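A structural walkthrough
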Amino acid sequence: MFSKIRKFFGPKKLSEGNKIVVNCEKLETRVALLEHGSLEEYTVERCNDENIVGSIFKGIIRNIEPGLNAMFVDIGLDKNAFLHFWDAIPEALDSGLEEIQRGGKPNQGGGQHKGRGKGKGKGGKSKGGRIQSKDIPNLYPVGSEVLVQVTKGPIGTKGPRITTNISLPGRYMVLMPRNDQLGISRKIEDPKERARLRKIMGEKLTVPEKMGVILRTVSAGQKVRYFVRDLAILLDEWDEVEEEAASCKAPACVFREPDLIERTVRDFLTDEIDEVLCDDEEAANRMKDLIGVISRRSKNKIQYFPTQTPIFEKLGIQRQIDDAFYRQVWLPSGGYLVIDETEAMIAVDVNTGRAKSQDKMILQTNIEAAEEVARQLRLRNIGGLIVVDFIDMRARRDQMTVYKVMRERLRADKAKTQALQISQLGLMEMTRQRLHESLNITVNEPCHYCQGRGMVKSAESMSVELQRRLNGVLAKESSPNELIVIVHPDVMERLRKHDGELFVELERRHNSRLTFRSDASYYREQVVVADAKTQKEIRD
């Protein structure tokens, strides 16, 4: 009854609660995650794009590079995939997970497997018989077949990165069919809840031998039957993968990562989401079917939102998306960020802007900057090495306050992040897991006018280069005496007002005649020099 009343009055205000907004069009599907009206994550998937991260392939080892401690595997794509020796060794749980023994008790070792570190590859196998990097060339000789999963898609000129540590994510857990470890996300902080989940893993869940399971953060507070059902679904999925791998010839894809709609239901439609709005009825019904198998209560959150105006425009989301492409981002206090994305790293500069330069205001600006940087990393999907240049703070206490704010905001990021404390130079070094190309690279392409520099030469610079070029052309014996020069109107204005005498001197020196014309269709750096009689362009 309540859902009908809510449907009658329409969706809640955009500033209320957490929402997922889905826009389905013929060429692309877009998903926006909003927290109290603020756009936190934005994902685009186009119909001709192939998302292979998470997909499982049956590949062939093509060559081994001992110097790189890596192998190159043919998985059927244009470029061979990169498999580091460490990614071919049974993986230890990372620090964000607590390892659980099969009896349901926490591991006394703190959740880290021994034998995985810098010492790998020395002296063959360890005492426990664990595989080390030195064993890899013998285990995977050239020409052998291997089952791998893509962990990072191709970015720029680099091919995909893969691992033999396969994992299948479900709603509440992740199945590791080739790793016997059990773990719980450390983001679940309640000791009583952690104890309950340990008991469930030890007594209620029947995890097959030599397989492992990790309970995700969303599993907190959920009933046992949800875990049992999720595990059964994942085991059936793995059986299908093994059957496909046994029947197909390498290289081949044996498991395809779901599309954006299904991934949204699996990864984002949690209890923290209050509402899901979708402008396509078929997609909305599909989402209801997908979530209905797992949670009937969540099914009522999904609403079909018909609108003549594009849904992102209607709800004011498009403006926030457009802001994500600006280099400069303003902060509430009057300060601003300048974000520069390069191939090697992301540089973020924090400036006071209109804010007054007082200690309290500087601290407030830096706190706002830390919150906004964490948001922009998720929104723009940028990663790798990140350096944030905060406004200098005198007190170490203030620096730690900003650092804690950054750490707290990064907790909401699904990508793995690591942030170091602010250095003496006022810099914070960070890393963020980069699985896909950034939003900027996905949506845009380098400008063919400026070649991706983001700047064009000034009219004065063009005048200098034009004089140099004409001097070289006219100095040749075979050069015609009369030339036509066509330039952009801005450059023409510069020549007319400031540099006319220089070109007259050029004509006298070479006993020639120059005729200048402007063409508004030209871009600033475009110049054409042609023979006045034949109208044929002269190229250097």
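For clarity, every value in this text was computed on a predicted model and none was experimentally measured.

Averaged over every residue, the pLDDT of the protein chain is 84; the share at 70 or more is 89%. Summarising per-element confidence for the protein chain, the mean pLDDT is lowest in helix H1 (residues 2-9) (45) and highest in strand E22 (residues 427-432) (95). Every residue in residues 109-128 scores below 50 in pLDDT, and together they form 36 contacts with partners more than four places removed in sequence or on other chains.

The relation between two aromatic rings is expressed through the spacing of the ring centres and the mutual angle of the planes. All told, the structure shown has six aromatic pairs when counted by the stated rule. Ring geometry for tryptophan 330 and tyrosine 336: centres 5.0 Å apart, planes at 55°, overall tilted. The partly exposed category is assigned to tryptophan 330, whose relative accessible area is 41%. A connected cluster of aromatic rings, assembled from ring pairs, spans Tyr172, Tyr226 and Phe227. A cation over an aromatic ring shows up here: lysine 414 above the ring of phenylalanine 268, its NZ or CZ 5.3 Å from the ring centre.

Let us look at the nonpolar core. Counting 33 residues, the largest nonpolar core has Ile56, Met173, Leu175, Val213, Leu231 and Trp238 as the members making the most contacts within it. The set of elements that each furnish at least two residues to this core consists of strand E11 (173-176), strand E12 (182-185), helix H3 (191-204), strand E13 (212-215), helix H4 (224-247) and strand E14 (252-255). Sorting elements by how many residues they give to this core places H4 first, with eight residues. Beyond its immediate sequence surroundings of up to four residues, tryptophan 238 is in contact with Leu147, Ile166, Leu168, Leu175, Pro177, Arg178 and Met211.

With that settled, consider a positive patch on the surface. On the surface, a cluster of positive charge is contributed by Lys223, Arg225, Arg229, Arg296 and Lys299. Within the secondary structure layout, arginine 229 lies in helix H4.

A few words now on the packing of helix H13 (residues 459-475) against helix H14 (residues 489-497). Look at H13 against H14: their axes get within 9 Å of each other, and the N-to-C directions meet at 75°. On the basis of the axis angle, H13 is roughly perpendicular to H14. Taken together, the residues of H14 that come into contact with H13 (itself represented by Ala459, Glu460, Met462, Ser463 and Leu466) are Asp490, Val491, Arg494 and Leu495. Of the residues assigned to the contact of H13 with H14, the class counts are five nonpolar, one polar and three charged.

The strand order E3-E2-E1-E15-E16 describes an open sheet built from five strands, whose pairing is mixed. The open sheet has two edge strands, strand E3 (38-46) and strand E16 (302-304), and neither has a second partner. Here the average twist between neighbouring strands, direction ignored, is 15°. Bridge analysis of strand E1 (residues 18-24) against strand E2 (residues 28-35) gives seven bridges, and the strand direction is antiparallel. Paired with valine 22 across the two strands is valine 31, which belongs to E2. Contacting E1, strand E15 (275-278) and E16, helix H6 (residues 281-292) runs over the sheet at an angle of about 160° to E16. Lying on the sheet, helix H10 (residues 359-380) is in contact with E2 and E3; it crosses E3 at an angle near 15°.

This part covers the pairing of E11. Covered by surrounding structure in E11 are Met173 and Leu175 together with Val174 and Met176, the residues of both alternating faces. In this structure, strand E10 (residues 168-169) lies alongside E11, joined through two bridges in antiparallel fashion. Paired with leucine 168 across the two strands is leucine 175, which belongs to E11. The turn linking E10 back onto E11 is made up of three residues.

Another aspect to go through is the environment of valine 487. Mapping valine 487 onto the fold places it in strand E23 (residues 482-487). The buried category is assigned to valine 487, whose relative accessible area is 0%. With 39 residues separating them in the primary sequence, valine 487 and glutamine 526 have C-alpha atoms 6.5 Å apart. Setting aside chain neighbours within four positions, we find valine 487 in contact with Leu466, Met492, Arg517, Ser518, Asp519, Tyr522, Gln526 and Val527.

Turning our attention to the pattern of salt bridges. By the definition in use, this model includes 28 salt bridges. Aspartate 340 is the partner of arginine 327 in a salt bridge, and the nearest nitrogen-oxygen pair spans 2.6 Å. Here arginine 327 is found in the loop between helix H9 (317-323) and strand E17 (328-330), whereas its partner aspartate 340 is found in strand E18 (residues 336-341), with 13 residues between them in sequence. In the salt-bridge network here, residues are joined through shared partners; they are Glu35, Glu40, Glu41, Glu372, Arg375, Arg378 and Arg409.

With three bridges connecting them, E17 and E18 associate as antiparallel partners. Across the sheet, tryptophan 330 pairs through a bridge with tyrosine 336, a residue of E18. If you look at the hairpin formed by E18 and strand E19 (residues 345-351), you'll find three residues sitting between the two strands.

This part covers the sheet that holds E19. In spatial order, the strands read E17-E18-E19-E20-E22-E21; together these six strands make up an open sheet with mixed pairing. Two strands in the sheet have a free side with no partner beyond their single neighbour: E17 and strand E21 (417-419). With strand direction ignored, the average angle separating the axes of adjacent strands in the sheet is 20°.

Here the residue pair alanine 250 and proline 251 is connected by a cis peptide bond, since its omega of -5° sits within 30 degrees of zero. Among the structural elements, proline 251 can be located in the loop between H4 and E14. Although it is not a glycine, asparagine 69 sits at a positive phi angle of roughly 55°. Position of asparagine 69 relative to the elements: it lies in the loop between strand E4 (56-65) and strand E5 (70-74). Of the residues examined, asparagine 69 reaches a relative accessible area of 32% and is grouped as partly exposed. Even without being a glycine, lysine 210 presents a positive backbone phi close to 65°. Taking relative accessible area as the criterion, lysine 210 reaches 68% and is therefore assigned exposed.

Analysis parameters
- Residues numbered from 1 in each chain as written.
- Predicted model: local features only at pLDDT ≥ 70, side-chain atom pairs only at ≥ 80, totals over all residues.
- Heavy atoms only, no water.
- pLDDT = per-residue confidence, 0-100.
- Helix = DSSP H or I, 4+ residues; strand = E, 2+ residues; numbered from the N terminus.
- Contact = heavy atoms within 4.5 Å.
- Phe/Tyr/Trp six-rings, centres within 6.5 Å; stacked < 30°, edge-to-face > 60°.
- Buried < 20%, exposed > 50% of the residue type's maximum accessible area, 1.4 Å probe, protein only.
- Lys NZ or Arg CZ within 6 Å of the ring centre and 35° of its normal.
- Core = buried A, V, L, I, M, F, W, Y, C linked by side-chain atoms within 4.5 Å.
- Patch = residues over 30% accessible without salt bridge, like charges linked within 9 Å, V, L, I, M, F, W, Y side chains within 5 Å.
- Areas by Shrake-Rupley, 256 points an atom, 1.4 Å probe, with all protein chains shown as cover.
- Salt bridge = Lys/Arg side-chain N within 4 Å of Asp/Glu carboxyl O.
- Lys, Arg positive; Asp, Glu negative; His and termini not counted.
- Charge placed at Lys NZ, Arg CZ, Asp CG, Glu CD.
- Axes fitted to C-alpha atoms, helices over the stretch in contact; angles between N-to-C directions.
- Parallel < 35°, antiparallel > 145°, perpendicular 65-115°, else oblique.
- Nonpolar A, V, L, I, M, F, W, Y, C, P; charged D, E, K, R; others polar.
- Pairing = 2+ DSSP bridges.

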